[in-house]
Amino acid sequence: MPQPPADAARSLLRPGDPDPVGVERPGGTSPVLLIADHAGAAVPGALGGLGLPADALSRHIAIDIGILGVGLRLARTLDATLIHQRYSRLVVDCNRQPGRADAMAAVSDGTVVPGNVALTDADRAARMAAIFAPYHARIAAEIEARLAAGRPPVLVALHSFTPHHGDHPAPRPWHVGVLWNRDPRFARALIAELEGEGGLEVGRNVPYGVDDTVDYAVPVHAEARGLLHAEIEIRQDLITDAPGQADWAARLARVMARVLPRVVAAG
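In this text, all values refer to a predicted model and were calculated from it rather than measured experimentally. (Residues numbered from 1 in each chain as written. Predicted model: local features only at pLDDT ≥ 70, side-chain atom pairs only at ≥ 80, totals over all residues. Heavy atoms only, no water.)

1. Thoughts on a nonpolar patch on the surface
As a reminder of what qualifies: Surface patches are defined over residues having more than 30% relative accessible area and no salt bridge, joining like charges when they lie within 9 Å and nonpolar side chains (Val, Leu, Ile, Met, Phe, Trp, Tyr) when within 5 Å. Surface exposure here means Shrake-Rupley accessible area, sampled with a 1.4 Å probe, where a residue is shielded only by the protein chains that are shown. Salt bridge, as used here, is a side-chain nitrogen of Lys or Arg placed within 4 Å of a carboxyl oxygen of Asp or Glu. The numbering of helices and of strands both runs from the N terminus, where a helix is a DSSP run of H or I of at least 4 residues and a strand a run of E of at least 2. Classification of residues uses two cut-offs on accessible area relative to the type maximum, computed with a 1.4 Å probe and protein chains only: under 20% is buried, over 50% is exposed, and between them is partly exposed.
A grouping of V107, V112 and V117 is seen on the molecular surface, where their side chains present a nonpolar patch of about 250 Å² in accessible area. Within the secondary structure, V112 is located in strand β5 (residues 111-112). For V112, a relative accessible area of 47% puts it in the partly exposed group.

In structure tokens:
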């Protein structure tokens with residue numbers, strides 16, 4: 001990943017702005033490494049809330065609703081490290097390839113984002129340097145440390161999706177989607193176990209897929225290194241509150257406990 005100049009980062013984040021990278025259970029013993037690219041909704045003070053009303057930053061356009069709560073509980077249950085992004089994907093989408101227009105979307109699900117209209121190259125470089133680069137550097141460092149210790153991680157990217165999308169009135173039927181690109185080993189095992197739980201509509205590469213030209217985290221951190229991995233998308237109305245988040249964290253922990261020994265052993 002090309003590294004933007006350090007002065008670009010200093011020009012954006014100021015005292016009082018949160019660190020972009022959150023790390024929970026850094027010494028976790030589980031082989032699972034959890035990441036959450038869209039867990040936060042912070043906006044650097046210098047960007048003035050991107051010109052949006054405050055309530056916009058609590059909507060799905062800004063954050064994967066409920067996923068941090070799931071991730072924190074799942075990390076605790078598995079004793080797994082969780083690395084999560086604190087800034088809104090409207091500032092910079094940390095699961096988009098650098099250079100894509102939608103990495104800093106001027107319009108998101110029909111909502112104009114004034115602070116992203118007419119961005120200069122310098123504006124983009126500042127966001128990449130301050131937020132995108134350190135987040136992915138921390139994930140890469142964690143993976144490399146485990147590989148050096150002979151403990152290759154299983155990367156699990158956590159996301160959530162809206163019950164409805166755009167102008168389509170029909171609800172999305174899936175409770176959860178499990179995504180992959182070229183390597184389905186871990187994803188297919190998770191799907192089988194989730195379906196075995198009963199009462200769940202489990203999607204295969206829906207409502208989204210993983211694509212090298214669009215997505216960043218799984219292709220770069222997992223596929224490029226040959227690591228076991230999966231991206232998990234949970235429908236947001238199921239995890240908007242603490243009980244729902246606890247329920248899904250417990251479910252995923254059960255499923256992973258059954259899947260991990262045999263998939264890791266198979267390599």
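2. Side note on the pattern of salt bridges
Counted by the stated rule, this structure contains 19 salt bridges. The shortest N-O distance in the salt bridge between D215 and R96 comes to 3.8 Å. Remark: R96 occurs in the loop between β3 (81-85) and β4 (107-108) and D215 occurs in the loop between β8 (202-204) and α5 (217-222); sequence separation between them is 119 residues. R96 shares its class with D215; the two are buried. Three or more residues are tied together by salt bridges with common partners; here these are E193, E197, D247, R251, R254, R258 and R262.

3. Some remarks on the pairing of β3
To be explicit about the condition: When DSSP finds two or more bridges between a pair of strands, those strands are recorded as paired. Clockwise travel from the first strand over the helix to the second, with the strands pointing away from the viewer, marks a crossover as right-handed.
Of all five residues in β3, five are buried; the element is thus mostly enclosed. Covered by surrounding structure in β3 are T81, I83 and Q85 together with L82 and H84, the residues of both alternating faces. Bridge count for strand β1 (residues 21-24) against β3 is four bridges, and the pairing is antiparallel. In the sheet register, V23 faces β3, and the bridge partner there is I83. In this structure, strand β2 (residues 32-36) lies alongside β3, joined through four bridges in parallel fashion. Looking across to β3, one finds that L33 is bridged to T81. Assessed by its sense of winding, the connection that carries the chain from β2 through helix α2 (residues 67-78) to β3 is right-handed.

4. Here's the deal with unusual backbone geometry
Between V206 and the following residue, P207, the backbone shows a cis peptide bond with an omega angle of 5°. By the element assignment, P207 lies in the loop between β8 and α5. At D109, a residue that is not glycine, the phi angle is positive and equals roughly 45°. Its place among the elements puts D109 in the loop between β4 and β5.

5. Focus: the sheet that holds strand β9 (residues 229-235)
Remark on secondary structure: sheet strands pair via backbone hydrogen bonds, oriented parallel or antiparallel. Put simply, the test is: Between the N-to-C directions of two axes lies an angle of 0 to 180 degrees, each axis being a line fitted to C-alpha atoms and, for a helix, fitted only over the stretch in contact. We call two residues contacting when some pair of their heavy atoms lies within 4.5 Å.
Across the sheet, which stays open at both edges, the seven strands sit in the order β1-β3-β2-β6-β9-β7-β8 with mixed pairing between neighbours. In this open sheet, the two edge strands, each paired with only one partner strand, are β1 and β8. Adjacent strand axes in the sheet meet at a mean angle of 20°, parallel and antiparallel pairs treated alike. Across the face of the sheet, helix α3 (residues 121-148) comes into contact with β1, β2 and β3 while running at roughly 165° to β3.

6. Looking at the environment of T29
Test applied: N or O atoms closer than or at 3.5 Å make up a polar contact, with two conditions inside protein: a donor-capable atom paired with an acceptor-capable one, and, for residues adjacent in sequence, both atoms drawn from side chains.
You can see T29 is positioned in the loop between β1 and β2. T29 sits in the exposed class, given a relative accessible area of 59%. The sequence separation of T29 and D79 amounts to 50 residues, and the corresponding C-alpha distance is 5.8 Å. Polar contacts involving the side chain of T29 include one to the side chain of D79, which spans 2.7 Å.

7. Description of the packing of helix α4 (residues 185-197) against helix α6 (residues 242-266)
The description of two helices packed together rests on the angle between their axes and the distance between the axes. To be explicit about the condition: Each angle is binned into one of four classes, with values under 35 degrees roughly parallel, values over 145 roughly antiparallel, values of 65 to 115 roughly perpendicular, and all other values oblique. Take the far helix as the reference: if the near one is turned anticlockwise from it by less than a right angle, the crossing is left-handed, and if turned clockwise, right-handed.
Following both chains from N to C, one finds α4 and α6 inclined at 135°, their axes separated by 9 Å at the closest point. Viewed along their axes, α4 and α6 adopt a mutual orientation that is oblique. For the crossing formed where α4 meets α6, the hand is right-handed. Each of F186, A189, L190, E193, L194 and E197 in α4 lies in contact with α6, whose residues at this interface are R251, L252, R254, V255, M256, R258, V259, L260, R262 and V263.

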